[in-house]
Amino acid sequence: VTASFTYSALFGKAIHVGPAKGFESWHAGTCELLYTLMLCFVVLNVAAAKKNAQEKNQYYGLAIGFVIIAGAYGAGAVSGGCFNPAVALGLDLSSASEPHFEGTGFGWSGPYIAYELTGALLAAMFFKLVRPGDFGNVQTQASELISEFLGTYMLVLTVGLNVLGKSPAGAFSIAASLTSMIYALGDVSGAHF
């Protein structure tokens, strides 16, 4: 919140949280849910999974950062790309004193946070499904299939959002999506997406 007020003071304006022009609240919410899911899922897989924690990998920062690149260029054109309740709240609070324009303004952080928390819960559920060994269960082919589905889904979603949103960095965003999911799931299914 303090950082949001700082940049607002420096630039004399705030960033309004809410759907981009031409999009509805559920469009923005879906983007926030899916890329928050991806962010939390990648964090769990590269920083919290037993195998990765034991190996003391050094790539977790890249994997996590690439999720932001994938989502910001892909979903950013729809929702603004918060993907974190603290970011949504901070941005929203800093815009509270500014005049509202074109349907945006203070108050969007509530719905954004609800979508983001749902995405985080889904990430935890999928993490448990793709890494049953971390929870005392045996890995099955179902874990590998779910892994492949998630990686492919996020890749295709990122491609579609970048192409249809006419992203200026589509190739970079798509590559970032692929890289993040390979880091997260390569040791589960081979990451053949």
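Further up the page is the structure itself.
Let me begin by describing the structure that accompanies this report. As the structure is a computational prediction, the values presented were derived from the model and not from experiment. (Residues numbered from 1 in each chain as written. Predicted model: local features only at pLDDT ≥ 70, side-chain atom pairs only at ≥ 80, totals over all residues. Heavy atoms only, no water.)

### Section: helix α8 (residues 141-164)
Right, on to step 1. Helix length check: α8 (24 residues) gives 34 Å between terminal C-alpha atoms against 34 Å at 1.5 Å per residue, within 8%.
Right, on to step 2. Those residues of α8 lying buried are Ser143, Ser147, Glu148, Leu150, Gly151, Met154, Leu155, Leu157, Thr158, Leu161 and Asn162.
Right, on to step 3. In this fold, the buried residues of α8 make contact with α2 (25-48), α4 (60-74), α7 (109-130) and α9 (170-189).
Right, on to step 4. Phi turns positive one or two residues past the end of α8, at Lys166, with a value near 50°. (Helix = DSSP H or I, 4+ residues; strand = E, 2+ residues; numbered from the N terminus. Expected span 1.5 Å × (residues − 1). Buried < 20%, exposed > 50% of the residue type's maximum accessible area, 1.4 Å probe, protein only. Contact = heavy atoms within 4.5 Å.)

### Observations regarding unusual backbone geometry
Right, on to step 1. A positive phi is found at Lys56, a non-glycine position, where the angle reads about 50°.
Right, on to step 2. Positionally, Lys56 belongs in the loop between α3 (50-55) and α4.
Right, on to step 3. For Lys56, a relative accessible area of 62% puts it in the exposed group.

### Focus on a nonpolar patch on the surface
Right, on to step 1. A contiguous nonpolar surface patch, about 260 Å² in accessible area, is contributed by Val1, Phe5 and Leu89.
Right, on to step 2. On the secondary structure map, Val1 appears in the segment before α1 (2-11). (Patch = residues over 30% accessible without salt bridge, like charges linked within 9 Å, V, L, I, M, F, W, Y side chains within 5 Å. Areas by Shrake-Rupley, 256 points an atom, 1.4 Å probe, with all protein chains shown as cover. Salt bridge = Lys/Arg side-chain N within 4 Å of Asp/Glu carboxyl O.)

### Here we look at the side chain of Ser147
Right, on to step 1. As for its placement among the helices and strands, Ser147 is situated in helix α8.
Right, on to step 2. The class of Ser147 is buried, set by a relative accessible area of 0%.
Right, on to step 3. Among the polar contacts listed, one links the side chain of Ser147 to the side chain of Ser189, at a separation of 2.8 Å. (Polar contact = N/O pair within 3.5 Å; in protein donor to acceptor, adjacent residues only side chain to side chain.)

### A look at the environment of Leu89
Right, on to step 1. When you line up the elements, Leu89 lands in helix α6 (residues 85-94).
Right, on to step 2. Setting aside its immediate chain neighbours within four residues, Leu89 contacts Ser109 and Ile113.

### Quick word on α4
Right, on to step 1. For α4, which comprises 15 residues, the first-to-last C-alpha distance of 21 Å matches the rise-based estimate of 21 Å (1.5 Å per residue) to within 8%.
Right, on to step 2. Close packing links the buried residues of α4 with α2, α5 (76-79), α8 and α9.

### Some remarks on the packing of α1 against α6
Right, on to step 1. The geometry of α1 relative to α6 is characterised by a closest axis approach of 8 Å and an angle of 40° between their N-to-C directions. In terms of axis orientation, α1 runs oblique to α6. The hand of the α1/α6 crossing is right-handed. Of the residues in α6, those touching α1 at Ser4, Phe5, Tyr7 and Ser8 are Gly90, Leu91, Leu93 and Ser94.
Right, on to step 2. Looking at the contact of α1 with α6 residue by residue, the class counts come to four nonpolar, four polar and no charged. (Axes fitted to C-alpha atoms, helices over the stretch in contact; angles between N-to-C directions. Parallel < 35°, antiparallel > 145°, perpendicular 65-115°, else oblique. Left-handed = near helix turned anticlockwise from the far one by under 90°. Nonpolar A, V, L, I, M, F, W, Y, C, P; charged D, E, K, R; others polar.)

### Examining the pattern of salt bridges
Right, on to step 1. Within the structure shown, the criterion is met by two salt bridges.
Right, on to step 2. Here Lys51 makes a salt bridge to Glu55, at a shortest N to O gap of 3.0 Å. Highlighted residues: Lys51 and Glu55, both in helix α3, separated by four residues, approximately one helical turn.
Right, on to step 3. Relative accessible area serves as the criterion here: at 46%, Glu55 is assigned to the partly exposed category.
Right, on to step 4. Between Arg131 and Asp187 there is a salt bridge whose closest N-O contact spans 2.8 Å. With a gap of 56 residues between them, Arg131 in the loop between α7 and α8 and Asp187 in helix α9 connect regions that are remote in the sequence.

### Regarding the environment of Leu39
Right, on to step 1. Relative to the helices and strands, Leu39 resides in helix α2.
Right, on to step 2. Put simply, Leu39 and Ala63 are 24 residues apart on the chain and 9.2 Å apart in space, counted from C-alpha to C-alpha.

### Observations concerning the environment of Ala96
Right, on to step 1. Relative to the elements of secondary structure, Ala96 occurs in the loop between α6 and α7.
Right, on to step 2. For Ala96, a relative accessible area of 40% puts it in the partly exposed group.
Right, on to step 3. Counting along the chain gives 81 residues from Ala96 to Ile15, while the straight-line C-alpha distance between them is 10.0 Å.

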